[in-house]
Amino acid sequence: MRMKANLLNSFAAGLLVSAGICGIVYFSQKAPVEKNEQTTAKTPTEEEMKESLSTAGYIILTDSEWDEQIATVEKEAQAKVQKEQKEQDGQAEKAEKNENENVVYRTIVNVAPGMTSIDVGNALVQGKIIDSARTFFDEVEKRGLSNDLKPGTFELDSNMTLDEVMKIIFK
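Note that this is a predicted model, so its numbers are computed, not measured.

Calculation criteria
The numbering scheme is per chain: residues are counted from 1 as the chain's sequence reads. Since the coordinates come from a predicted model, pLDDT governs what is reported: local features require at least 70, and pairs of side-chain atoms require 80 or more to be given and counted, while whole-chain, interface and lining totals use all residues. Excluded from the side-chain calculations are hydrogens and water; all other atoms, namely the structure's heavy atoms, are used. To define axes, lines are fitted to C-alpha atoms, for helices over the stretch in contact only, and angles between the resulting N-to-C directions are given on a 0 to 180 degree scale. Runs of E in the DSSP output that reach at least two residues are strands. Runs of H or I that reach at least four are helices, and both are numbered from the N terminus. For classification, angles of less than 35 degrees are called roughly parallel, those exceeding 145 degrees roughly antiparallel, those between 65 and 115 degrees roughly perpendicular, and all remaining angles oblique. Helix crossings fall into two classes, left-handed where the near helix is turned counterclockwise from the far one by less than a right angle and right-handed where it is turned clockwise. The contact definition used throughout considers only heavy atoms, calling two residues in contact when any of these lie within 4.5 Å. Each residue is assigned to one class: nonpolar for Ala, Val, Leu, Ile, Met, Phe, Trp, Tyr, Cys and Pro, charged for Asp, Glu, Lys and Arg, and polar for all the others, Gly among them. Buried residues of nine kinds, namely Ala, Val, Leu, Ile, Met, Phe, Trp, Tyr and Cys, make up a nonpolar core once their side-chain atoms join them within 4.5 Å. When accessible area is computed with a 1.4 Å probe and restricted to protein chains, residues below 20% of their type maximum are described as buried, those above 50% as exposed, and intermediate ones as partly exposed. To count toward a patch, a residue needs a relative accessible area above 30% and no salt bridge. Like charges then connect within 9 Å, nonpolar side chains (Val, Leu, Ile, Met, Phe, Trp, Tyr) within 5 Å. For accessible areas, the Shrake-Rupley method is used with a probe of radius 1.4 Å. Any residue's cover is judged against the shown protein chains and nothing else. Salt bridge, as used here: a side-chain nitrogen of Lys or Arg that lies within 4 Å of a carboxyl oxygen of Asp or Glu. The convention is simple: Lys and Arg are positive, Asp and Glu are negative, and His and the chain ends are not counted. Throughout, a charge is located at the NZ atom of Lys, the CZ atom of Arg, the CG atom of Asp or the CD atom of Glu. Two aromatic rings from Phe, Tyr or Trp, using only the six-membered ring of Trp, form a pair when their centres are within 6.5 Å; if the ring planes differ by under 30 degrees the pair is stacked, by over 60 it is edge-to-face, and anything between is tilted. Directions drawn from the helix axis to the C-beta atoms are what define this arc. What qualifies as a polar contact is a pair of N or O atoms within 3.5 Å, subject to a donor-acceptor requirement within protein and to the restriction that residues adjacent in sequence count only when both atoms come from side chains.

Colleague: What exactly am I supposed to notice about the packing of helix α5 (residues 133-143) against helix α6 (residues 162-169) here?
Modeller: The angle between the axes and the distance between the axes are what describe a pair of packed helices. Contact geometry for α5 and α6: axes closest at 12 Å, N-to-C directions at 65°. The pairing of α5 with α6 is recorded here as roughly perpendicular in orientation. α5 and α6 meet at a crossing whose hand is right-handed. Mapping the contact onto sequence places Phe136, Glu139, Val140 and Arg143 in α5 and Leu162, Asp163, Val165 and Met166 in α6. Grouping the amino acids of the contact of α5 with α6 by side-chain chemistry returns five nonpolar, no polar and three charged.

Colleague: Any chance you could explain the nonpolar core here in plain terms?
Modeller: The nonpolar side chains of a soluble globular protein tend to be buried with one another. Leu124, Phe136, Ile169 and Phe170 are the most contacted members of the largest nonpolar core, which has 16 residues in total. Breaking this core down by element, the ones donating at least two residues are β1 (106-111), α4 (117-126), α5, β2 (152-157) and α6. Sorting elements by how many residues they give to this core places α6 first, with three residues. Residues within four places of Phe136 in sequence aside, it is in contact with Ser117, Val120, Gly121, Leu124, Ile130, Leu162, Val165, Met166 and Phe170.

Colleague: Is there a simple way to explain a negative patch on the surface in this structure?
Modeller: A surface patch of negative charge is lined by Asp63, Glu65, Asp67 and Glu68. Residue placement: Asp63 occurs in helix α3 (residues 63-100). Given a relative accessible area of 66%, Asp63 falls into the exposed group.

Colleague: Looking at this structure, how should I read the pattern of salt bridges?
Modeller: Side-chain pairs of opposite charge can arise whenever the charged atoms involved come near each other. For the coordinates displayed, the defined rule picks out five salt bridges. Its salt-bridge partner being Lys50, residue Glu46 comes within 3.5 Å of it at the nearest N-O pair. One end of the pair, Glu46, and the other, Lys50, are both in helix α2 (residues 46-55), four residues apart, so they sit about a helical turn from each other. Under the relative-accessibility criterion, Glu46 is labelled exposed at 52%. Overall, the relative accessible area of 30% leaves Lys50 in the partly exposed class. Measuring nitrogen to oxygen at the nearest pair gives 2.8 Å for the salt bridge that ties Glu139 to Arg143. Note that Glu139 and Arg143 are positioned in helix α5 at a spacing of four residues, about one turn of the helix. A residue is classified by how much of its surface remains accessible, and Glu139, at 18% relative accessible area, is buried.

Colleague: Explanation requested: the packing of aromatic side chains in the structure shown.
Modeller: How two aromatic rings sit relative to each other is given by the distance of their centres and the angle of their planes. What the rule picks out here adds up to two aromatic pairs. Relative to Phe27, the ring of Tyr26 lies with its centre 5.1 Å away and its plane at 80°, an arrangement referred to as edge-to-face. When sorted by exposure, Tyr26 lands in the same class as Phe27, which is exposed.

Colleague: Whenever I open this one, α5 confuses me. Can you help?
Modeller: For an α-helix, the turn length of 3.6 residues means that residues three or four places apart are oriented alike. For α5, every residue scored as buried is listed here: Ala133, Phe136, Phe137, Glu139 and Val140. The buried residues of α5 all sit within an arc of 165° when viewed along its axis, so they share a single face. In α5, the exposed positions angled more than 90 degrees off the buried face are occupied by Arg134 and Lys142. Its side-chain oxygen 3.3 Å from the backbone nitrogen of Arg134, Ser132 forms the N-cap of α5. Backbone geometry just downstream of α5 places Gly144 in the positive-phi region, at approximately 70°.

Here is the structure:
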């Protein structure tokens, strides 16, 4: 155990001596002389700045030139919006014309024995003669015609009213 104490004391003394030597070396050196020389850069003139920016690929505009370009771009954008609006209006007019055109659908309905008014209504919807099989069925029930279907083949078109269709298909 005594051996460990001597070893530890020797190590501590070594650290103390080395710290002292480092301190003596640090504080004995002369402080470096700072150079106070400042390099002053020459401020480029406006023409030199413009030339430098132009050679780098930049475009230099005055405030009035910039305002003119902004106004031109805004006018072009407004013209483009107006053109698109006119095109949309033209397309809307075409769509209205197409809706106003009366398309007539013609179909042949074959009513077989045992068919119901629902079956006939579905066939009429598929042939684009009526819009709703349910409406057709309800009207047939309301009039009490569900048992009066005439078997046969009938030519119908979409200009016919529901009454006309029923007069043709029912007895």
